[in-house]
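# Overview (structure and organization)
In case you want the letters, here they are:
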Amino acid sequence: MASDDVAQLADSLARTQVGEGELSYKGQGLKLDNAESAAEIVKAIQEFEGLRALRMEGNTVGVEAAKAIAKALEDKKDFQCCNWSDMFTGRLRSEIPPALMSLGAALISAGAQLKVLDLSDNAFGPDGVKGIEKLLKSPACHTLQELRLNNCGMGIGGGKILAAALTECHRKSSELGAPLRLKVFVAGRNRLENDGAIALAQAFQLMGSLEEVHMPQNGINHQGVTALADAMRHNPQLRVLNLNDNTFTKRGAIAMAEALKHLRSVQVINFGDCLVRAEGALAIAEALKDGLPILKELNLSFGEITEDAALAVAGAIKHKDQFEKLDLNGNCLGEEGCEKLKELMEDVKLGDVLGSLSDDEGEPEEDEDDEGDEEEEEEDEEEEEDVDEEEEEEEEEEENEEEGEDELSKGSQMFTPPTAPRPPDVASFLCFPSPDKLLRLGNNRAELIQQQVDVSDVGKTVEAFLKISSVFKEDDLEVKAAVLDSVDALLSKTFTTASAQTFSFISSLLVMLGLLKSEDKVKPVPVVAGHLLCLEHAAKQTYFPREHITVLHAFMTRRSKALESCVSARDILRSTLQRLQPES
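Residues numbered from 1 in each chain as written. Predicted model: local features only at pLDDT ≥ 70, side-chain atom pairs only at ≥ 80, totals over all residues. Heavy atoms only, no water.

### Describing the overall build of the protein
The following threshold applies: Runs of H or I in DSSP of at least four residues are treated as helices and runs of E of at least two as strands, each being numbered from the N terminus. Each residue gets one of three labels from its accessible area relative to the maximum for its type: buried under 20%, exposed over 50%, partly exposed in between, using a 1.4 Å probe on protein chains only. Residue contacts are counted whenever heavy atoms from the two residues lie within 4.5 Å of one another.
Broken down by element type, the protein carries 23 helices and 14 strands. Counting all 584 residues of the protein, 48% fall into the buried class. Residue pairs in contact within the protein that sit at least 24 positions apart in sequence constitute 82% of those at least 6 positions apart.

This is the structure in structure tokens:
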């Protein structure tokens, strides 16, 4: 190693925290490429008697370094906690599975009995789940209590692999008389969609031990929500249920409300941005009346809830002694409805628990609910078609010739071609962004996005930028190109329009990234690497206002919790902004 590298590593190790049974290298930014670079950590592990936890968050570990660390863990039979989130920053996705396999094999060999496995913010995809599959099925995980896989890009395939592994772990542990009793499950921002959620719901129902479930932003609609609702009914100790930013619609909300009637321990419910609609909210209010006695927080924000439904929800919580927070912001109450809601909450001495209503959408149009129901029914039909699409294609290949002969014998007037699936549109992508949806917009996606987004509305433009950049993939050249083209199309129009409010855009962007406080109490988005890398790309383009380079650089050099999950991307952006700053 170069002397500078040795000095840097030595300094990092000097800051190493050693708690009771815990060795921590959290947030030290160590770059461990090989066994030599990990030598000091390996030594510390080997010499630590009774090691129970190893914290490696905020570093970057290569395959060879992982093998060396794994070797040191092979005799640590007391080991319990893997705090390994954000541990592969800047690594190729192909490097992560073998690294995880080495570490998992070591824990199995050691006879460890894990309690915590945290691999959040490692974008390893379905292959990464395969990297921990053997570990999850092993006796080392029979004692697992917390599984945290937030923002890992598992997708549907990864969700199914994970569900199968948990099911197998439960089966094997049950045979030994001590069934798996997982308490905390976290898997937000993983694009699990319906199939992934349904598979996991089956595992959850089997275990029946969950106390916290966090699955926000997974593109799950009413079919997946209904499956999860059925599973939650079999988890009587559930305390926290966070399904924020999925799509319940009426059917999913009613199914979840029925499940809530069977639960007595729930304290926090987050169904914000879930489109529960009026009927869904009324069903939830009904469940609240006689159930959920110790509920503390309820989030039903941005769900197209009308005045009557909101008042019903408020009335249902008035006798809950431990209630602390009600969020009904961003719904369709109207000015008069907001006032009625505030008055009701004041009357029952709960005025201080009602959150802001500043983003209320106003009263809905008369036919809006009916239109929503019709749209939901259309979505249901499309979903049912999608579920069997692959099977139908296979059957068509096998029977094509026979069917063709049959149709010809019937005569052309009897032939009705199958309805072509509706192509994706920009609105659908911006509602639930995914790389696949962006690619399916076709080669003119940039033009479509320019046409769809009203760049005169700063808030909507910022939101569109964040949605597009959230699906950025460094290791997928096709997706990367599609994202950057779309970003260029959006921002070039934004900054070159005659009435462009460039300062307002930058300010709103900083607010949404959680880097700047807002008097309007805007809820920031969880920052991902794509947001910063796309901003880095944009800053280098001629359309980007030079006067904002210094401002952005100042915010990137500050320490911020909002950027802790993507340190490498922040450093890349900061370096580019430093280079681009105008000379004084």
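Next comes the rest of the write-up.
### Quick look at unusual backbone geometry
The phi torsion of most residues other than glycine is negative, and most of the peptide bonds are trans. Here D86, not a glycine, exhibits a phi torsion of approximately 45°, which is positive. The class of D86 is buried, set by a relative accessible area of 8%. One non-glycine residue, R277, lies in the positive phi region at around 60°. Within the fold, R277 resides in helix α10 (residues 277-290).

### So, the side chain of R91
How we decide: A 3.5 Å cut-off defines polar contacts: any pair of N or O atoms within that distance qualifies, except that in protein one atom must be a possible hydrogen donor and the other a possible acceptor, and neighbouring residues in sequence count only when both atoms are side-chain atoms.
With respect to the secondary-structure elements, R91 resides in the loop between β6 (81-83) and α4 (96-110). For R91, a relative accessible area of 17% translates into the label buried. Separated by 2.6 Å, the side chains of R91 and D33 make a polar contact. One polar contact links R91 to T60, side chain to side chain, over a distance of 2.8 Å. With sequence-adjacent residues up to four places away left out, R91 is seen in contact with K31, L32, D33, T60, V61 and G62.

### Quick notes on a negative patch on the surface
The line we're drawing: Patches in this entry comprise residues that are over 30% relatively accessible and not in a salt bridge; like charges within 9 Å are linked, as are nonpolar side chains (Val, Leu, Ile, Met, Phe, Trp, Tyr) within 5 Å. With residues, only the protein chains shown are counted as cover, and all accessible areas are computed by Shrake-Rupley using a 1.4 Å probe. Salt bridges, as used here, are contacts in which a Lys or Arg side-chain nitrogen is within 4 Å of a carboxyl oxygen on Asp or Glu. For this count, His and the chain ends are skipped, Lys and Arg are scored as positive, and Asp and Glu as negative. To locate a charge, the coordinates of NZ of Lys, CZ of Arg, CG of Asp or CD of Glu are taken.
Together, E335, E339, E343, E346, D347 and D352 make up a region of like negative charge exposed at the surface. Position of E346 relative to the elements: it lies in helix α12 (residues 334-347).

### Some points on the nonpolar core
Keep this limit in mind: Working definition of a nonpolar core: buried Ala, Val, Leu, Ile, Met, Phe, Trp, Tyr and Cys residues. They are joined through side-chain atoms within 4.5 Å.
Ranked by internal contacts, the top residues of the largest apolar core, which has 120 residues, are I69, W84 and F271. If we ignore the near neighbours within four places in the chain, the residues touching F271 are L241, L243, F248, M256, L260, V276, I284, N299, L300 and S301. Counting 49 residues, the second-largest nonpolar core is a separate cluster that includes L490, Y543, L552 and L563.

### Quick look at the side chain of H548
Tracing the backbone through its elements, the reader meets H548 in the loop between α21 (529-539) and α22 (549-557). By relative accessible area, H548 is classed as buried at 5%. Setting aside residues no more than four positions away along its own chain, H548 makes contact with T502, F503 and I506.

### Structural notes on α22
Rule in force here: Throughout, the arc means that of the directions going from the helix axis to the C-beta atoms.
Those residues of α22 not exposed but buried are I549, L552, H553, F555 and M556. The arc that holds every buried residue of α22, seen down its axis, measures 165°, which confines them to one face. Lining the buried residues of α22 we find α20 (502-512), α21 and α23 (567-580).

### A closer look at the confidence of the model for the protein
The line we're drawing: Residue-level confidence of the predictor, termed pLDDT, takes values from 0 up to 100.
Confidence along the protein averages 85 in pLDDT terms, with 84% of residues attaining 70 or more. In this model residues 368-372 is a low-confidence stretch, pLDDT under 50, and it forms three contacts with partners more than four residues away in sequence or in other chains. The low-confidence segment residues 383-423, where pLDDT is below 50, has eight contacts with residues more than four positions distant or belonging to other chains.

### Structural notes on the packing of helix α2 (residues 39-47) against helix α3 (residues 63-73)
To keep things clear, this is the line we draw: Comment: axis = line fitted to C-alpha atoms, over the contacting stretch for helices; angle = value between 0 and 180 degrees taken between N-to-C directions. Roughly parallel here means an angle under 35 degrees, roughly antiparallel means over 145, roughly perpendicular means 65 to 115, and every remaining angle is called oblique. Classification used: nonpolar for Ala, Val, Leu, Ile, Met, Phe, Trp, Tyr, Cys and Pro, charged for Asp, Glu, Lys and Arg, polar for all others including Gly.
One way to put it is that α2 packs onto α3 with a least axis distance of 9 Å and a crossing angle of 10°. Between α2 and α3, the interaxial angle falls into the category roughly parallel. Across the interface between the two elements, I41, V42, I45 and Q46 of α2 pack against A68, I69, A72 and L73 of α3. Tallied by class, the residues present in the contact of α2 with α3 amount to seven nonpolar, one polar and no charged.

### With respect to helix α18 (residues 458-469)
Rules: Expected helix span is computed as 1.5 Å times (number of residues minus one).
In this model α18 runs 17 Å from its N-terminal to its C-terminal C-alpha over twelve residues, within 8% of the 16 Å that 1.5 Å per residue would give. Inspection of α18 places V458, T461, V462, A464, F465, L466, I468 and S469 among the buried residues, and these make up the whole buried set. Considering only its buried residues, α18 is in contact with α15 (426-431), α17 (445-452), α19 (477-496), α20 and α21. One side-chain oxygen at the N-terminal end of α18 lies 3.2 Å from the backbone nitrogen of G459; it belongs to D457.

### Focus on the pattern of salt bridges
By the definition in use, this model includes 29 salt bridges. The shortest N-O distance in the salt bridge between K71 and E74 comes to 3.5 Å. When its relative accessible area of 33% is taken as the criterion, E74 is described as partly exposed. The salt bridge involving R171 is made with E168; its shortest N-O contact spans 2.7 Å. Here R171 pairs with E168, and both are found in helix α6 (residues 155-175), just three residues apart, close to one helical turn.

### As for the packing of helix α7 (residues 193-207) against helix α8 (residues 222-232)
At a minimum axis separation of 8 Å, α7 and α8 run at an interaxial angle of 5°. Judged on the interaxial angle alone, α8 and α7 are roughly parallel. Within the contact between the two elements, α7 uses N194, A197, I198, A201, F204 and Q205 and α8 uses Q223, G224, A227, L228, D230, A231 and M232.

### Considerations on the packing of aromatic side chains
To be explicit about the condition: Pairing of aromatic rings covers Phe, Tyr and Trp, the last through its six-membered ring, and needs centres within 6.5 Å; plane angles under 30 degrees mean stacked, over 60 mean edge-to-face, and all others mean tilted. Sitting over a ring, as applied to charges here, requires NZ of Lys or CZ of Arg to be within 6 Å of the ring centre and within 35 degrees of the ring normal.
Across all of its chains, the model carries five aromatic pairs by this definition. Where F495 meets F505, the ring centres are 5.3 Å apart and the plane angle is 85°; that geometry is what we call edge-to-face. In this pair, F495 sits in helix α19 while F505 sits in helix α20, placing the two residues ten residues apart along the sequence. The class of F495 is buried, set by a relative accessible area of 10%. For F505, a relative accessible area of 2% puts it in the buried group. Between F495 and F544, the ring centres sit 5.6 Å apart and the planes meet at 80°, which makes this aromatic pair edge-to-face. Within this pair, whereas F495 is found in helix α19, its partner F544 is found in the loop between α21 and α22, the two being separated by 49 residues in sequence. Pair check on accessibility: F495 and F544 agree, each one buried. Here a set of aromatic residues connected by ring pairs shows up, and it is made of F495, F505, Y543 and F544. The ring of F555 is capped by R558, whose NZ or CZ atom sits 4.5 Å from the centre of that ring.

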